[in-house]
Amino acid sequence: MKLELISFKLCPFAQRAIILLNKQKLDFELNHINPMNPPDWFKQISPTGQVPLLKADERIIFESSVITEFINDISKTNLHPSNLIQKAENRSWIQFSSTLFDDLFGVVTGDEEKFRISKRSLFDKLAKIEVVKNNAKFFNGDSFSIIDAAFAPIFIRLSWINEFTKNILSLDDFKHLSAWSKELLQVDVVKSSVVEGLDDAYYSNIEAREGHLSTLLY
Ligand SMILES: N[C@@H](CCC(=O)N[C@@H](CS)C(=O)NCC(=O)O)C(=O)O
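Residues numbered from 1 in each chain as written. Predicted model: local features only at pLDDT ≥ 70, side-chain atom pairs only at ≥ 80, totals over all residues. Heavy atoms only, no water.

Q: So, the packing of helix 1 (residues 12-23) against helix 3 (residues 64-73): which residues are in play, and what are the values?
A: Packing of helix 1 against helix 3 leaves a shortest axis separation of 9 Å and a crossing angle of 5°. It follows that helix 1 is roughly parallel to helix 3 by the angle criterion. Taken together, the residues of helix 3 that come into contact with helix 1 (itself represented by F13, R16, A17, L20 and L21) are S64, I67, T68 and I71. In terms of residue class, the contact of helix 1 with helix 3 is built from six nonpolar, two polar and one charged. (Axes fitted to C-alpha atoms, helices over the stretch in contact; angles between N-to-C directions. Helix = DSSP H or I, 4+ residues; strand = E, 2+ residues; numbered from the N terminus. Parallel < 35°, antiparallel > 145°, perpendicular 65-115°, else oblique. Contact = heavy atoms within 4.5 Å. Nonpolar A, V, L, I, M, F, W, Y, C, P; charged D, E, K, R; others polar.)

Right, here's the structure in full:
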C-alpha cells in the first residue's frame, strides 16, 4: 500500500502519526504544507482543512486518532491492548489528551489572563491523568502503545517550554507523569520524530505569538 502523510512541521497531531508509522516500520512519503496558507490541491482533498492527512493508495484518511488506528490496523504488530475494556479506556484517554493541545495553545498564545486560565486547565487535566497512570514504564506496561505515541508530542512541548523558561510548566508535582515523560522522550521513534531545529522553530513560534509566555523566555 502506498502511504503519504501530509503534515505541517510543527504539528503535534501529525507527529503522532509519524511516531506510529516509524514504530510500525512502514514506508511512507512525508510532505509538508502550511495549513494556514494551504495549496489548492490540499483544499480539494481535505474535508477539514487540517493536517495530518494520510493518503492510502489515493484514498483520504483524516483525524490523527483515526490515522494512528489505521496505521495499527495495517501493521503486523498490534500496539493497542488486546483486552477490549483496556483498549476502550486507552481510546478515551487518547481523545482526552487531544484537548490538552487547546490548553497548550492558550498557554503559548494568550495574554497573562488567558495564560493563567489555560495553564490551570492544563494542570487540572494532567492531575486527572496522573491518577490513572501507574508505575509502569509506558501507559500499558513495559511496551510502547498507540496511547504513548498520542501523549509523546505533549511531553515534548512541555519539556521545550520548561527548557525555554524557568520550568514554567514543571511536571515535578506529578510523579507518574514525570517518569512517563522521561521514558517517552528517550524512545527512538519519539526522538526521531523531532526533526533538527524543531525546538528552535517552536521557540520562534512562541516569540512570534507575542503572548505572555514570550515574556517568560530566556
Ligand atoms: N482533530 C485534528 C486536529 C488537527 C489540527 O488541529 N491540525 C492543525 C495543525 S497542528 C491544523 O491543521 N490547523 C489548521 C486549521 O485548523 O485550519 C486531529 O487530531 O487530526
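Q: Which residues make up the pattern of salt bridges, and what are the values?
A: In this structure the tally under the stated criterion is seven salt bridges. Measuring nitrogen to oxygen at the nearest pair gives 3.5 Å for the salt bridge that ties D40 to K43. On the criterion of helical spacing, the pair formed by D40 and K43 is a turn pair, its members being three residues apart in helix 2 (residues 40-45). Take D40 and K43: they sit in the same class, and that class is exposed. In this structure, the salt-bridge partner of E69 is R91, at a minimum N-O distance of 2.8 Å. (Salt bridge = Lys/Arg side-chain N within 4 Å of Asp/Glu carboxyl O. Buried < 20%, exposed > 50% of the residue type's maximum accessible area, 1.4 Å probe, protein only.)

Q: Please provide a residue-by-residue account of unusual backbone geometry, values included.
A: Omega for the bond connecting V51 with P52 falls within 30 degrees of zero, at 5°, which places this linkage in the cis form. With respect to the element layout, P52 can be found in the loop between helix 2 and strand 3 (53-56). The phi torsion at K25 lies on the positive side, around 55°, for a residue other than glycine. Following the sequence through the fold, K25 ends up in the loop between helix 1 and strand 2 (29-32). Exposure remark for K25: the relative accessible area of 73% places this residue in the exposed category. Of note, the phi angle at N167 is positive, near 50°, even though the residue is not glycine. In this fold, N167 is placed in the loop between helix 6 (146-164) and helix 7 (175-184). According to the relative accessible area criterion, N167 is partly exposed, its value standing at 47%.

Q: Hey, could you go over helix 3 for me, with residue numbers and the actual values?
A: Burial of helix 3 is extensive: seven of the ten residues sit out of reach of the surface. When we look at burial in helix 3, the residues that qualify are S64, I67, T68, E69, F70, I71 and N72. Taken together, the buried residues of helix 3 touch strand 1 (3-7), helix 1, strand 3, strand 4 (59-62), helix 4 (84-109) and helix 6.

Q: Quick one: what's the story with the sheet that holds strand 3, residue by residue and with numbers?
A: Pairing is mixed in the open sheet, where four strands are placed in the order 2-1-3-4. Of all the strands in the sheet, the pair left with one neighbour each is strand 2 and strand 4. Sheet twist, expressed as the average angle between the axes of neighbouring strands with direction ignored, equals 25°. Pairing geometry for strand 1 and strand 2, over four bridges, is parallel. The residue bridging I6 from the neighbouring strand is N31, located in strand 2. Against the sheet, helix 1 engages strand 1 and strand 2, with an angle of about 150° to strand 1. Together, strand 1, strand 3 and strand 4 form the strand contacts of helix 3, whose direction differs from that of strand 4 by roughly 120°. (Pairing = 2+ DSSP bridges.)

Q: Account for the UniProt feature "domain: GST C-terminal" (unreviewed entry) in the protein chain, with residues named and values stated.
A: Mapped onto the present numbering, the UniProt feature "domain: GST C-terminal" (unreviewed entry) falls on residues 83-203. Secondary structure across residues 83-203 divides into 71% helix and 0% strand, with the first and last C-alpha atoms of the span separated by 41 Å. (UniProt positions renumbered as here; feature names shortened; annotations may be inferred.)

Q: How would you sum up the domain arrangement of the protein chain? Please name residues and give values.
A: According to the domain assignment, the protein chain contains domain 1 (3-73) and domain 2 (84-216). Here the C-alpha centroids of domain 1 and domain 2 sit 21 Å apart. Approximately 1,700 Å² of surface area, both sides summed, lies buried where domain 1 meets domain 2, with 68% of it carried by carbon and sulfur atoms. There are one salt bridge connecting domain 1 and domain 2. At the junction of domain 1 and domain 2, the tally comes to seven residue pairs in polar contact (both at pLDDT 80 or more). The element best represented in the side of domain 1 that touches domain 2 is helix 1, accounting for nine residues. Of the residues contributing to the side of domain 1 that touches domain 2, the split by class is seven nonpolar, five polar and four charged. (Domains from an automatic or database assignment. Buried area = accessible area lost by both parts, 1.4 Å probe. Polar contact = N/O pair within 3.5 Å; in protein donor to acceptor, adjacent residues only side chain to side chain.)

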